Amino acid sequence: MAVACRIEKWRSDPYYGKVAVVQAGPGYVVGDFTGWIHGAFRDRVELPPGVYRLLSGGGEVECVVEPPSYPWHFAVPYMSGDWGGAVELRIYAPEPPEVPGGEVVELMRGEQFSIYMAAARRRRYEVRCCGKKTGFRSPPYVGDPGIRAMYEVLPDRSANRLGCRDLRREFCGGTLKDVARVAVDASRFADALYLHPIYPAMSYHRYDVVDHFQVDERLGGWAAFEAMRGELSRAGLKLVLDIVLYHVGLRNPLFPGGPFIIRDGSYTRLVKELAARLPRSALAVLLGGDPPYETFLKVWFMPRLDYSRPEAAEYARKVVEFWTPHVDGFRLDVAHGVPPGVWEEVLSPAEGRYVLGEHVGNPAPFYKAVRGFTAYVLYNGLINSLTKGAEEVADAVNRYLALTPPSALPYMNTFLENHDVDRAATRLGGHAQLSMGYALLFSLPGVPSIYSGGECGEGGLAADHTNRRPHTPCPDSQLAKLLETLYRLRSRGLGRGPLWASAKRGRIELRSLQTRVEVGSGGLVFGDTWGVREVRF
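Predicted, not measured: the structure shown is a model, and the values here were computed from it. (Residues numbered from 1 in each chain as written. Predicted model: local features only at pLDDT ≥ 70, side-chain atom pairs only at ≥ 80, totals over all residues. Heavy atoms only, no water.)

**Some words on the environment of His-419**
1) Next: Looking at the element boundaries, His-419 is found in the loop between strand 19 (413–414) and helix 9 (424–428).
2) Next: It is 7.3 Å that separates the C-alpha atoms of His-419 and Tyr-451, two residues lying 32 residues apart in sequence.
3) Next: If we ignore the near neighbours within four places in the chain, the residues touching His-419 are Glu-152, Tyr-194, His-196, Tyr-207, Arg-331, Tyr-451, Asn-467 and Arg-468. (Helix = DSSP H or I, 4+ residues; strand = E, 2+ residues; numbered from the N terminus. Contact = heavy atoms within 4.5 Å.)

**Re the layout of surface pockets**
1) Next: In this structure, the largest pocket spans a volume of roughly 990 Å³.
2) Next: As for the largest pocket, its lining consists of 33 residues, and the residues nearest its centre are His-205, Phe-296, Val-299, Met-302 and His-465.
3) Next: Of the residues in the lining of the largest pocket, the class split is 18 nonpolar, eight polar and seven charged.
4) Next: For the second largest pocket, the calculated volume is near 490 Å³.
5) Next: Forming the boundary of the second largest pocket are 23 residues, of which Asp-32, Met-108, Val-377, Arg-399 and Leu-403 lie nearest the centre.
6) Next: Contributing elements (two or more residues each) for the lining of the second largest pocket: strand 5 (50–56), strand 9 (102–109), helix 7 (376–385) and helix 8 (390–403).
7) Next: Per-element tally for the lining of the second largest pocket: the top contributor is helix 8, with six residues.
8) Next: In terms of residue class, the lining of the second largest pocket is made up of 10 nonpolar, six polar and seven charged. (1 Å grid on protein atoms, 1.4 Å probe; cavity = no way out; pocket = protein on both sides within 12 Å on 5 of 7 lines; lining within 4 Å. Points joined across faces, edges and corners; volume = space filled by probe spheres on them. Nonpolar A, V, L, I, M, F, W, Y, C, P; charged D, E, K, R; others polar.)

**So, the packing of aromatic side chains**
Describing an aromatic ring pair means giving the distance of the ring centres and the angle of the ring planes.
1) Next: Counted under the stated rule, the structure contains 29 aromatic pairs.
2) Next: Consider the rings of Phe-225 and Trp-323, whose centres lie 5.8 Å apart with planes at 75°: the pair is edge-to-face. Of the two residues, Phe-225 sits in helix 2 (residues 221–234) while Trp-323 sits in helix 5 (residues 310–323), which places them 98 residues apart along the sequence. With respect to burial, Phe-225 and Trp-323 carry one shared label: buried.
3) Next: Ring geometry for Tyr-379 versus Phe-415: centroids 5.2 Å apart, planes at 20°, classification stacked. Here Tyr-379 is found in helix 7, whereas its partner Phe-415 is found in the loop between strand 19 and helix 9, with 36 residues between them in sequence.
4) Next: Among the aromatic residues, ring-to-ring pairing joins Tyr-199, Phe-213, Trp-222, Phe-225, Tyr-315, Phe-322 and Trp-323 into one connected group.
5) Next: Taking NZ or CZ as reference, Arg-42 lies 4.7 Å from the ring centre of Tyr-28, over its face.
6) Next: In this structure, Arg-218 is placed above the aromatic ring of Phe-171, and the distance from its NZ or CZ to the ring centre is 3.8 Å. (Phe/Tyr/Trp six-rings, centres within 6.5 Å; stacked < 30°, edge-to-face > 60°. Buried < 20%, exposed > 50% of the residue type's maximum accessible area, 1.4 Å probe, protein only. Lys NZ or Arg CZ within 6 Å of the ring centre and 35° of its normal.)

Keep in mind these numbers describe shape, not what the thing actually does.
So, in structure tokens, the structure goes:
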């Protein structure tokens with residue numbers, strides 16, 4: 001049963017129209033809007049209307065932020081967007097609204113209200129509902145991220161030069177030379193490389209960063225980085241670099257004297273001394289229980305920066321400023337753990353670059369600061385519905401559209417797998433489900449990513465890191481050939497909004513005012529004003 005959130009007041013906002021100041025303290029406010037991570041909000045959180053889940057009194061509750069009036073719509077980025085030929089609207093109402101000259105679809109039904117999409121051809125439009133009618137004009141342009149698809153690579157696993165066996169702990173020895181090779185091969189179906197951390201670190205995955213301003217010598221250092229950049233440029237590939245700013249590595253010189261939350265200073269200094277003397281494997285045996293300082297998910301090797309202190313934001317801004325000339329964009333690790341206002345300050349040097357944030361829940365309060373996020377709402381919906389039926393898939397797509405603002409849709413990172421989750425082949429099983437999943441990703445707005453090995457249909461689990469096996473080429477892969485075709489179709493308008501989903505004769509139909517896509521177990525049919533194209537799986 002949904003409950004009303006405790007709303008202190010409503011505040012006007014140029015991005016959201018209005019936001020509710022929701023009291024949930026004292027202490028950190030944690031919910032699906034923070035990806036269940038501490039750090040972004042303290043005592044209260046500002047939320048647009050919607051349905052959320054949060055921790056309250058030690059338990060999880062469903063929280064409804066109900067609009068104070070209906071129909072609830074503003075000509076602002078969170079509620080509307082101009083796609084350059086059609087306008088997309090979000091309308092919150094307890095009954096179906098009308099938009100003369102447009103189409104209205106219910107995307108998500110709730111107890112108090114439903115979320116509707118309207119698509120219209122005119123920038124001036126009228127919303128009628130609930131005994132009212134209001135005219136609007138000039139919604140903002142949704143924009144274009146400049147990337148059609150990304151190829152995701154974990155550098156250490158780009159090759160197996162060291163014969164690694166323990167995939168959870170051992171380095172496999174991939175270098176940036178190997179990264180360049182596999183990325184250039186993937187340029188058939190991607191125009192950007194999404195590259196995981198390359199900094200000196202304590203672990204093979206390099207999320208426990210020791211120095212944010214260097215390239216790990218294990219990967220070949222700065223010379224290998226510059227050579228890789230040259231190879232990418234010649235292949236027409238942009239570079240999106242994973243940047244880790246929620247936490248640092250235990251051996252990072254910034255810790256513990258910098259902006260961290262220390263509960264026991266003497267114990268923390270002892271841990272730091274041990275980290276300087278012992279190998280990581282020995283530390284892993286010694287360190288157990290709760291760390292004497294705030295960390296990422298109680299991982300001793302990853303102390304968390306305290307962004308209530310200005311020096312933390314200053315440090316993060318310097319890191320972004322340092323790397324901006326070297327890359328075309330950033331992926332922000334654990335973006336949901338850093339306050340949105342801090343991100344606005346930290347990301348100012350990267351203006352004009354493509355930026356996406358990691359968020360494993362509903363990013364609603366973050367869109368004002370970061371335009372695109374990892375689309376876990378869509379991922380979870382597709383992974384759980386693709387083995388069921390077209391109705392379930394259409395519902396999952398529409399729920400994602402309902403919870404994502406029009407201005408964010410082109411920038412969202414859509415995926416069927418990444419380095420943190422089980423391989424899609426393991427979750428979905430057959431080739432037909434995998435093919436349908438990728439056909440849907442490439443048919444929806446956003447920046448789809450293919451995790452290295454995904455084009456080969458590799459399996460694996462996140463729990464034992466078998467989802468991170470070293471890369472093995474698959475030159476004859478039928479899935480890779482499908483990805484090439486889907487990638488080419490995106491240049492014809494595949495994936496352009498506004499669109500919505502429905503189930504039709506056991507197939508998923510994605511409709512817009514300009515195009516129609518049907519996806520089923522046998523293939524994809526894409527129709528636009530230039531004709532119809534059929535792709536068989």
